[in-house]
Each structure stands twice: as structure tokens, then as C-alpha cells.
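# Observations on the three-dimensional arrangement
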Amino acid sequence: MPVAISSWAQQLKPSPTLEVKAVADGLRAKGVPVLDLGIGEMNPEVRVPDLIKEAMAEALHADATHYTPQNGDPELISAISEDLERFGLEYSDEQIVICPGPKDAIFKVALTVLNPEAHRRRLVMFTPGYESFENIPMLVTGQPPVILPTDKDFLPDPNQLDDLLKSDDSIAAVVLNSPNNPTGAVYQTPLLRELADVLARHEEVAVISDECYRTIYYDDIPYASIATMLPEQTFVVSGMSKEVSGTGLRLGFVAGPKEHLAALGVVEGNASSCVNLPTQRGYAKFLQADADFSMRHAIREQLRVRRDHLLEHFKAAAPDAIWKRPNGAFYFFPNMDAYIGRKAPDGRVIKDDIDLAKHILESRHVVVTPGTMFQRPGHVRFAFAKSLDIIEEAMKNLGEALAQLET
Ligand SMILES: Cc1ncc(COP(=O)(O)O)c(C=O)c1O
């Protein structure tokens, strides 16, 4: 009998955007240059600061290649603790665990707070939302997340959350993500306060605050976190991926209540042993050197310029789209419903956002991500951490692709 594939692995949903990816791969294989506003990465347009690279190289040459304690290298943990204070968050060293990337950090929180045998084991996610929030609870408990759609500004409704928590005693955790992927929405203090008031009435419910984009707020909007309001329930997750453009460096961290973080450290030690030490050294040196946020603000400014450039050109390219300016992260998520139902030059009707993304890619070689991927059909996501030239050309091509569609 052949080796079976586990039910855990089988139940994961294949990405609904595989069709779009297949078209992009096909074009690339033919040597056609594609303009990729699909992938959520800043590399190579915004690079890992030299200081990090130098500290990593130095660590390697000093043979700092051994295991660290399972919670992480003490120097980095202290540097994160001091840095969190600059965000107004008080965490001692034993309340912090280093993991191999933000996604892994979320997974480890889920393994620590979701009990597969308990009735109370489900995770709530707001949509549109990051796709891993769908798969991580499936891997941990076999249960899909409970979905709460956000409003037209992509903000969660505290009353809706209250109703759910009052009526459904299977909820064990809620994940919040601000600044948000895919929408660029940010949750400001008054909204977080309302959400915290609701969640405080359900002290058995954990809050996973995904703050991967915590340094990328635009328009003078200040950083805000539910962790300042609900420290006993909240697990803050962030890391190097988006903050320093280090997606491939694989370093994330969790900060949270002491007892839970002790348990999470054991989970981390058993699953991953530790994160590679040169990367930990690099991030420690960076955080120590960036106490005034000058390097992180410089990265944010590069992204702001790109956001403004994209929006300026998008207006002309997609006059019938409905959109909101993103206030954080590096994503733009317009409603493209007006273009759905229109006819492509070959007579095919664009029946949904996946068809629309395929048309834009096939006809003018621009990669965008369909909103279906984030549970909000009718939209597409543009990742704008790209060069200004690529953004401009992509918007010109987008305009041409949309102009081909007949009503
Ligand atoms: C909101 C959010 N959380 C977590 C992650 C995971 O980051 P990584 O894949 O680098 O671990 C991402 C990546 O896009 C993200 O957008």
C-alpha cells in the first residue's frame, strides 16, 4: 500500500490564484518580461540595510553558527524588549520568543493557544485577510476559521465581534492584522479600544496581533496596538520580513503573557530548535542602532513615494474602480467590480476577479493578485514595493488592458 498523505496536509486549500500563477509562469518561460505587482515583497527595490548584512557576515566569520537558547539569542531578545518599549509596549525578556519568520510565529502562537480537543478551539479572522490565517488553524485544530467580513473601509465591526463571542462558545482566538494585508487599512486607537472592550469581556479568548507591518504607517497616523489595552490576552507578532525587507532571512518574534510564552518557547524549541544565529545577530544590531527609527522611517518613505506614484497613475488607468487610499503596509486593494461582466477582445466574458487578473496578465503582462485569494471577490491587490518605473509601466499597461474590455 502506498504511503498515505495525512488528513492535515490534504485539508489545506490550494491557492485559488494558481491559475494566475500558471499564466505568469508560462509567460516567463517564453521569455516575456512580466511586471510583477503580485508578490508581497520589497526585495530587490528596498534592500536589507547594510548594517544587518555586515553584522550577519561578522557573525558567520566569528563562527557564530551554533544553537541559541530555544527562546532566542539573549542579545536579540533584550534588543527586541527595548525596541518594543519604543512602541509603548512593556515586555520583559522572558515574554519574548524568536521564531523562523512571522508566519511561523503565528503558527507557534496557534499551537500554544488552540487546543484541538477542546470545544473552544476556533480562530476568528476578518476578511479580506491574509490567506495563512485560513490555513494555520486548519493545521492546528482541523477547523477552518470563523470569518467576519470587514466594512467598506476594511475595518472590523466591534459589535459584530461582540455578537459572535456572545453566541458562539467555540471561539478561542481572534487574529487582528494592522496595517493590513491585503487592504493597507490601519486600525486606529478608538477602534482598537472598542475591540479591546469587547474582548476584555471574554478573557478566555486570545488575541493574535499580527504587526508585521508595524513600521509602515503613512499620513502621520501613529502606531497603535491592542496589546497596550489587553496585555494579558494579546500575542504580538512581528519580525524582519517586512520591517527590513528580509523575507528570506526568516526571523519573526512573539511577545505575550509570561506563562504562555514559556510554553511557546518549548513549542519553538521542539519544532525548530532556534533561528539561525547570524540573522539573530543582524537584527539585534539593527534594533540597537535604529533606536530613533531613522532607518525604518527611510524605508517607509521609499514606500510612501511608491504608494503615491501608484495611486496617481491608477486613477487614469482604472477610472471605474472604487478605492480607498491605503494608510499602511504596501498594498492597494481597489474594488474592480465595474470591470467584471465586460467582454475581452476574444469574446470571453470576464466573470470574476480571477478572470480579470488573468486578462490583465495575458494581454499586458501585469501580475496582480485576485481578491478571491483574500476572501473579497471583485477586488484585486497591487503590491507596490516596486521601482517607480515598474509601477508606471504597469499602470500604463493596466489602463490598456482595461480599455480593451467592452461593456
Ligand atoms: C499579514 C502577514 N502576516 C504574516 C506574514 C508572513 O510573513 P513571512 O512569510 O515572512 O513569515 C505576511 C506575509 O506576507 C503577512 O502579510
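Just so you know, these numbers come straight off a predicted model, no measurement behind them.

On to the overall build of the chain, then. Per the secondary structure count, the chain includes 14 helices and 12 strands. Here the chain has a C-alpha radius of gyration of 21 Å; the compact-globule value for 407 residues is 22 Å, and the two agree. Referenced to the eigenvectors of the C-alpha coordinate spread, the extents of the chain come out at roughly 60 × 60 × 55 Å. Residue pairs at least 24 apart in sequence account for 76% of intrachain contacts in the chain once pairs closer than 6 positions are excluded.

The subject of this paragraph is the site of the ligand. The immediate surroundings of the ligand are formed by G40, G101, P102, K103, Y130, N177, N181, D210, C212, S241, T247 and G252. For the shell around the ligand, the class distribution of residues is 3 nonpolar, 7 polar and 2 charged.

Let us look at the sheet that holds strand β12 (residues 380-383). Taken in spatial order, the 3 strands line up as β9-β12-β11 in an open sheet, and their pairing is antiparallel. Here the strands that pair on one side only, and so sit at the sheet edges, are β9 (331-332) and β11 (369-370). Pairing between β11 and β12: 2 bridges, direction antiparallel. Considered in β12, the bridge of P370 is made with V380.

Time to look at the environment of D352. Structurally, the position occupied by D352 is in the loop between β9 and α13 (353-364). Residue D352 is classed as partly exposed on the basis of its 16 C-beta neighbours within 10 Å. In this structure the C-alpha to C-alpha distance between D352 and A4, which are 348 residues apart in sequence, comes to 36 Å. Beyond its immediate chain neighbours, meaning those up to four positions away, D352 contacts I340, T372 and P377.

Going from T127 to P128, the amide bond is cis rather than trans, its omega being 0°. Cis rather than trans, the peptide bond between N181 and P182 has omega equal to 20°. Of note, P182 is situated in the loop between β5 (171-177) and α8 (189-200). One non-glycine residue, F154, lies in positive phi territory at about 65°.

Two elements in contact, helix α5 (residues 102-113) and helix α6 (residues 132-141), have axes whose closest approach is 10 Å; the angle formed by their N-to-C orientations is 40°. The pairing of α5 with α6 is recorded here as oblique in orientation. For the element pair α5 and α6, the recorded crossing hand is right-handed. Seen from α5, the contacting residues are K103, I106, F107, A110 and L111; seen from α6, they are S132, I136, P137 and V140. Tallied by class, the residues present in the contact of α5 with α6 amount to 7 nonpolar, 1 polar and 1 charged.

Moving on to the sheet that holds β5. Reading across the sheet, the 7 strands line up as β2-β8-β7-β6-β5-β3-β4 and stay open at both edges, with mixed pairing between neighbours. Sheet topology places β2 (96-99) and β4 (146-149) at the edges, where each strand pairs with a single neighbour. This sheet shows a mean twist of 20° between the axes of neighbouring strands, independent of strand direction. Bridge count for strand β7 (residues 234-239) against strand β8 (residues 252-255) is 4 bridges, and the pairing is antiparallel. Note that in β8 the partner of V236 across the bridge is A255.

This paragraph deals with the environment of P145. Mapping P145 onto the fold places it in the loop between α6 and β4. Residues P145 and A262, 117 residues apart in the sequence, show an inter-C-alpha distance of 26 Å. Leaving out residues up to four positions away in the same chain, P145 has contacts with R122, L123, V124, M125, F133, E134 and P137.

With that settled, consider the pairing of β4. Here 4 bridges tie strand β3 (residues 122-127) to β4, and the two strands are oriented parallel to one another. Bridge pairing in β4 links V124 to V146. Handedness of the β-α-β unit built from β3, α6 and β4 comes out right-handed.

The next point concerns the domain arrangement of the chain. Along its sequence, the chain is organised into domain 1 (7-46 + 295-403) and domain 2 (65-290). Domain 1 and domain 2 are separated by 27 Å when their C-alpha centres are compared. With 31 residues of domain 1 at the contact, the number on the domain 2 side is 30 residues. Those elements that place two or more of their residues in the side of domain 1 that touches domain 2 are α12 (294-317) and β9. The biggest single contributor to the side of domain 1 that touches domain 2 is α12, with 7 residues. Of the residues contributing to the side of domain 1 that touches domain 2, the split by class is 15 nonpolar, 7 polar and 9 charged.

Our focus in this paragraph is the pairing of β8. Strand residues, when the strand is regular, have side chains that alternate between the two faces of the sheet. Across the two faces of β8 the burial is the same, with G252 and V254 and F253 and A255 all buried. For β2 and β8, the ladder comprises 4 bridges, and the chain directions are antiparallel. Among the inter-strand pairings, V97 is bridged to a residue of β8, identified as V254.

Within the sequence span of α6, burial applies to F133, I136, P137, V140 and T141. Buried residues in α6, looked at end-on, bunch into an arc of 100°, giving them a common side. Of the residues trailing α6, G142 is marked for its positive phi of about 80°.

This brings us to helix α14 (residues 388-403). Relative to the 22 Å expected for 16 residues at 1.5 Å per residue, α14 spans 23 Å between its end C-alpha atoms, a close match to the ideal helical length. Regarding α14, the residues found buried are I391, A394, M395, L398, A401 and L402. Taken down its axis, α14 places every buried residue within 125° of arc, on the same side. For α14, the exposed residues lying more than 90 degrees away from the buried face are D389 and A403. Buried residues along α14 sit in contact with β1 (35-36), α12, α13 and β10 (366-367).

Parameters and conventions
Residues numbered from 1 in each chain as written. Predicted model: local features only at pLDDT ≥ 70, side-chain atom pairs only at ≥ 80, totals over all residues. Helix = DSSP H or I, 4+ residues; strand = E, 2+ residues; numbered from the N terminus. Rg over C-alpha atoms; globule rule 2.2 N^0.38 Å. Contact = placed C-beta atoms within 7 Å. Near = placed C-beta within 6 Å. Nonpolar A, V, L, I, M, F, W, Y, C, P; charged D, E, K, R; others polar. Pairing = 2+ DSSP bridges. Buried ≥ 20, exposed ≤ 12 C-beta atoms within 10 Å, placed from the backbone. Axes fitted to C-alpha atoms, helices over the stretch in contact; angles between N-to-C directions. Parallel < 35°, antiparallel > 145°, perpendicular 65-115°, else oblique. Left-handed = near helix turned anticlockwise from the far one by under 90°. Right-handed = clockwise from strand over helix to strand, strands pointing away. Domains from an automatic or database assignment. Arc of directions from axis to C-beta. Expected span 1.5 Å × (residues − 1).

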